[in-house]
Every structure is written in structure tokens, then in C-alpha cells.
Amino acid sequence: MLTRRHFVISAAAMFSAPIASPALAAPTTNRSKWSQWDAQVTPADYDPFTSNPWGLHPRFLPQLVEANDGLRSGDIHVDAVARYLYHIQPDGTAMRYGVAIARGNLYEPGTYSIRRKAKWPTWTPTANMIKRDPHLYAQHADGMDAGPNNPLGSRALYLYVGNRDTYLRIHGSPNQRSIGGRASSGCVRMVMAHINDLYEHVRIGATAHLYAPEV
């Protein structure tokens, strides 16, 4: 079991302070609206490093940081204590984003493979979600169309163990003010404009490491 102290020390060994930031170089029934929806969730004159209409703490805005040797390019690391997602770059740096993680014991640390990506995905709550919170999810038992109010938001990365879909996702969220907290039913949430940036650089087959939260 990783303790808070152990993980903070481990994370500090993996990633340094921010360095100077250059500009950042799905299933749905209505692809014709993708561009319209992307514009709707992207702030005017968007700069990923400074735009903050969501009122987030500045530390949750994207930053470019250095990563220590030995971390594989393309992999994702989620620091559940600090609420950061790191995407490792080929030059030994990492893009860091703020995230929200699942509430209570619904967060599942582990090592996963990203086997699928989707723009503006549809969403269907799991049977366990409906059983646990019927007042929230029963109305969507047959699924929910894509769009800015869909719980998976604008982009989703699907986490697998082997060939098994875990139903865990790294995804955008319409509740973007939740970033930095514990809010979801199992997934890792991001600001939609931020995951739109990340999505283009994540390859199918990359590994996602979800570390244990504080205990």
C-alpha cells in the first residue's frame, strides 16, 4: 500500500518543477456537430497554459515539466494525491494536467492499456452505477447521446486490462470546476479543452499508470 508520504516522494523523483512552456503544437450519432461542440467548450483566444474561465487553482492548468530518465514516451501517469496527469514526451519532458479522480473507494489504482479513443463519445452508465445511484443514472440506462452535457465530455480514453474493458476512462467532463477534487464514479476527469489537447498525442496501446490516492 502506497502511503501519501511514499507517493509524494516517488512523484517528486519522477517529475521536476515546471519549465518554460511553448505553445502546444468517437463514437457518436452526430459527427456534423463535433466542430461546433469543440468551439463551445474551448475558451475564446484559448491558451492552454493561461486560459482559466473555470476558476481552477492555477496549478491545475497545463504545464510542461521535466521527467526523470526511465519513463516511457507516450505513457500516462496519474498522481492521485496531487491530482495531476502526466503525459510523457519523447524528449524527456511531460505535459502535466489537473484532474479529478473518483470519490471514495470507486477510484481503482492500477496499470492499464489504452485500447480505444473516442471523440464526443456516447455514454451508458454501468449496472453498478445505476444500482448505487438510481436517482442519478436510471434515466440514462439506455444510453446518452454525445454532446457538451454528456458525462464523458468531448474526448475519452478507454482503459483496458488485457482484452477486458474495465469501464474506467480518462475523459472530459461538463463539471469542469470539479478538477482537483474527488467527484466521479471511477474515472479520471479533465477539463474538456485540456483533454482535447492531450487526445491528439495519445497513441492506442499506451500504458496508463493510476497511482494510489492518499490513505
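Coordinates for the structure precede this section.
Analysis parameters
- Residues numbered from 1 in each chain as written.
- Predicted model: local features only at pLDDT ≥ 70, side-chain atom pairs only at ≥ 80, totals over all residues.
- Heavy atoms only, no water.
- Helix = DSSP H or I, 4+ residues; strand = E, 2+ residues; numbered from the N terminus.
- Areas by Shrake-Rupley, 256 points an atom, 1.4 Å probe, with all protein chains shown as cover.
- Buried < 20%, exposed > 50% of the residue type's maximum accessible area, 1.4 Å probe, protein only.
- Polar contact = N/O pair within 3.5 Å; in protein donor to acceptor, adjacent residues only side chain to side chain.
- Contact = heavy atoms within 4.5 Å.
- Salt bridge = Lys/Arg side-chain N within 4 Å of Asp/Glu carboxyl O.
- Core = buried A, V, L, I, M, F, W, Y, C linked by side-chain atoms within 4.5 Å.

Novice: A description of the overall build of the protein should follow, citing residues and the corresponding values.
Specialist: The helix and strand tally for the protein stands at five helices and 12 strands. With the model as given, the accessible surface of the protein reaches about 10,300 Å², and the carbon-plus-sulfur share is 50%.

Novice: Describe the side chain of Arg 155, listing the residues and the values that go with them.
Specialist: Position of Arg 155 among the secondary structure elements: in strand E8 (residues 155-161). Owing to a relative accessible area of 4%, Arg 155 belongs among the buried residues under this scheme. A distance of 3.1 Å separates polar atoms of two side chains, one belonging to Arg 155 and the other to Asp 38. Sequence-distant contacts of Arg 155, that is, excluding residues within four places in its chain, are made with Asp 38, Ala 118, Lys 119, Trp 120, Pro 121, Ile 170, His 171, Gly 172, Ile 195, Asn 196 and Tyr 199.

Novice: Outline the pattern of salt bridges, listing residues and values.
Specialist: It is possible for side chains of opposite charge to pair when their charged atoms get near one another. Considering all chains together, one arrives at four salt bridges under this definition. Here Arg 155 makes a salt bridge to Asp 38, at a shortest N to O gap of 3.1 Å. Of the two residues, Arg 155 is situated in strand E8 and Asp 38 in helix H2 (residues 34-41); the sequence distance between them amounts to 117 residues.

Novice: For the environment of Trp 123, give the residues involved together with the corresponding values.
Specialist: Structurally, Trp 123 can be placed in the loop between strand E7 (110-119) and helix H3 (127-132). Given the relative accessible area of 10%, Trp 123 is considered buried. In this structure, the C-alpha to C-alpha distance between Trp 123 and Asn 150, residues 27 residues apart in sequence, is 7.1 Å.

Novice: I'd like a rundown of the nonpolar core, residues and numbers included.
Specialist: If you look at the biggest cluster of nonpolar residues, it comprises 28 residues, and the most contacted ones within it are Ile 76, Leu 85 and Ile 170. Sort the elements by how many residues they give to this core and helix H5 (residues 192-199) lands first, with three residues. Those residues in contact with Leu 85 that sit more than four places away from it in its chain are Ile 76, His 77, Val 78, Met 95, Arg 96, Tyr 97, Val 99, Ile 170, Met 190 and Leu 198. In this structure, Ala 82, Tyr 86, Ile 88 and Val 191 belong to the second largest nonpolar core, which totals 14 residues.

Novice: Outline unusual backbone geometry, supporting the account with residue identities and numerical values.
Specialist: A positive phi angle, close to 55 degrees, is found at Asp 45, a residue other than glycine. The topology assignment puts Asp 45 in the loop between H2 and strand E2 (63-67). What makes Asp 45 exposed here is its relative accessible area of 74%. For Trp 120, which is not glycine, the phi torsion reads 45 degrees and is therefore positive.

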